[in-house]
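A closer look at the structure
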Amino acid sequence: AQKITQTQPGMFVQEKEAVTLDCTYDTSDPSYGLFWYKQPSSGEMIFLIYQGSYDQQNATEGRYSLNFQKARKSANLVISASQLGDSAMYFCAMRENNQGGKLIFGQGTELSVKP
Amino acid sequence: DVKVTQSSRYLVKRTGEKVFLECVQDMDHENMFWYRQDPGLGLRLIYFSYDVKMKEKGDIPEGYSVSREKKERFSLILESASTNQTSMYLCASSSPSPPDTQYFGPGTRLTVL
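What this report covers is the structure whose coordinates are included nearby. (Residues numbered from 1 in each chain as written. Chains lettered and ligands numbered in written order. Predicted model: local features only at pLDDT ≥ 70, side-chain atom pairs only at ≥ 80, totals over all residues. Heavy atoms only, no water.)

1. Let's talk about the interface of chain B and chain A
With 22 residues of chain B in contact, the opposing surface of chain A contributes 19 residues. Buried surface at the junction of chain B and chain A, summed over both partners, amounts to about 1,600 Å²; 54% is from carbon and sulfur atoms. Where chain B touches chain A, the interface holds one salt bridge. Between A:Arg95 and B:Asp100 there is a salt bridge, with its nearest N and O atoms 2.4 Å apart. (Contact = heavy atoms within 4.5 Å. Buried area = accessible area lost by both parts, 1.4 Å probe. Salt bridge = Lys/Arg side-chain N within 4 Å of Asp/Glu carboxyl O.)

2. What to know about the side chain of B:Arg68
All names here are of chain B. Tracing the backbone through its elements, the reader meets Arg-68 in strand β7 (residues 64–70). Within polar-contact distance, the side chain of Arg-68 engages the side chain of Ser-49 at 3.0 Å. Within the structure, the side chain of Arg-68 is placed 2.6 Å from the backbone oxygen of Lys-71, a separation counted as a polar contact. Among all residues touching Arg-68, those that are not within four sequence positions of it are Gln-25, His-29, Glu-30, Asn-31, Met-32, Ser-49, Tyr-50, Asp-51, Val-52, Lys-53, Arg-73 and Phe-74. (Helix = DSSP H or I, 4+ residues; strand = E, 2+ residues; numbered from the N terminus. Polar contact = N/O pair within 3.5 Å; in protein donor to acceptor, adjacent residues only side chain to side chain.)

3. Let's talk about the pairing of strand β5 (residues 42–49) of chain B
All names here are of chain B. The buried count for β5 comes to seven of eight residues, which makes it a mostly enclosed element. By the bridge criterion, seven bridges tie strand β4 (residues 31–38) to β5 in an arrangement that is antiparallel. Directly across from Phe-33, in β5, lies its bridge partner Phe-48. Linking β4 to β5, which pair antiparallel, is a turn of three residues; within it Gly-40 sits at a positive phi near 80 degrees. Of the pairings in the sheet, the one linking β5 to strand β6 (residues 56–57) comprises two bridges and is antiparallel in character. Each bridged residue has a counterpart across the sheet, and for Phe-48 the counterpart in β6 is Glu-56. Counted along the chain from β5 to the antiparallel partner β6, the turn is six residues long, and its residue Lys-53 has a positive phi close to 65 degrees. (Buried < 20%, exposed > 50% of the residue type's maximum accessible area, 1.4 Å probe, protein only. Pairing = 2+ DSSP bridges.)

4. As for the state of the cysteines
Tallied over the full model, the rule gives two disulfides over all chains. Residue pairing for A:Cys23: its cysteine sulfur links by disulfide to A:Cys92, the two sulfurs lying 2.0 Å apart. On the sign convention where negative means left-handed, the S-S torsion of about -65 degrees between A:Cys23 and A:Cys92 marks this disulfide as left-handed. Of the two residues, A:Cys23 sits in the loop between β3 (19–21) and β4 (24–25) while A:Cys92 sits in strand β10 (residues 88–96), which places them 69 residues apart along the sequence. You'll find A:Cys23 and A:Cys92 in the same group, each marked buried. The disulfide bridge from B:Cys23 ends at B:Cys91, spanning 1.8 Å between sulfur atoms. (Disulfide = S-S within 2.5 Å.)

Note that every value here comes from positions in space, so none of it alone points to a role or purpose.
Here it is as structure tokens:
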């Protein structure tokens, strides 16, 4: 069974608009962490934002925020005021604390920002 | 800033060759990881290490080995390269302390002919 699901293979957004990238996860571990990474065409995976399972508030980092809905097991990434440089693949990942530091990645969403 | 470097961005090798991919991090991280990334399959963990001289198999270790003689360096070895090992290889490191975010290197695109 898929532990991390990203249902949107590709998304388009107009420059300066906000966009939400979906991520759902499946775990029975009460302690876990959720991560979002950006991968531009150059190939490097860039860490964007982290949410811990016990964090009370949704994580924010600049234009990135994480809409964490624990009961629904979703951790959607919201990018506000999209820029052309946001065009990239975006990956959601989960670390289960009972599995050490290993990450499980989703299949990714390719975001294209239109001028 | 965390810096993870990989020895090559692009590499072309022939079938049967022994291939070394090197990864170095400068943040004194205990944990290091090797992934491969293929279209439609996402990132898959090959091997990881929690300390010097320690290694653990990931999800797809077959055909690979690793070496960690120094804390900052984690090497991935393809003992006898095959065409199905043509892929993007990504190295990462993390601290064991929460949130133990993994930081990635730029990746090596390996082509085996």
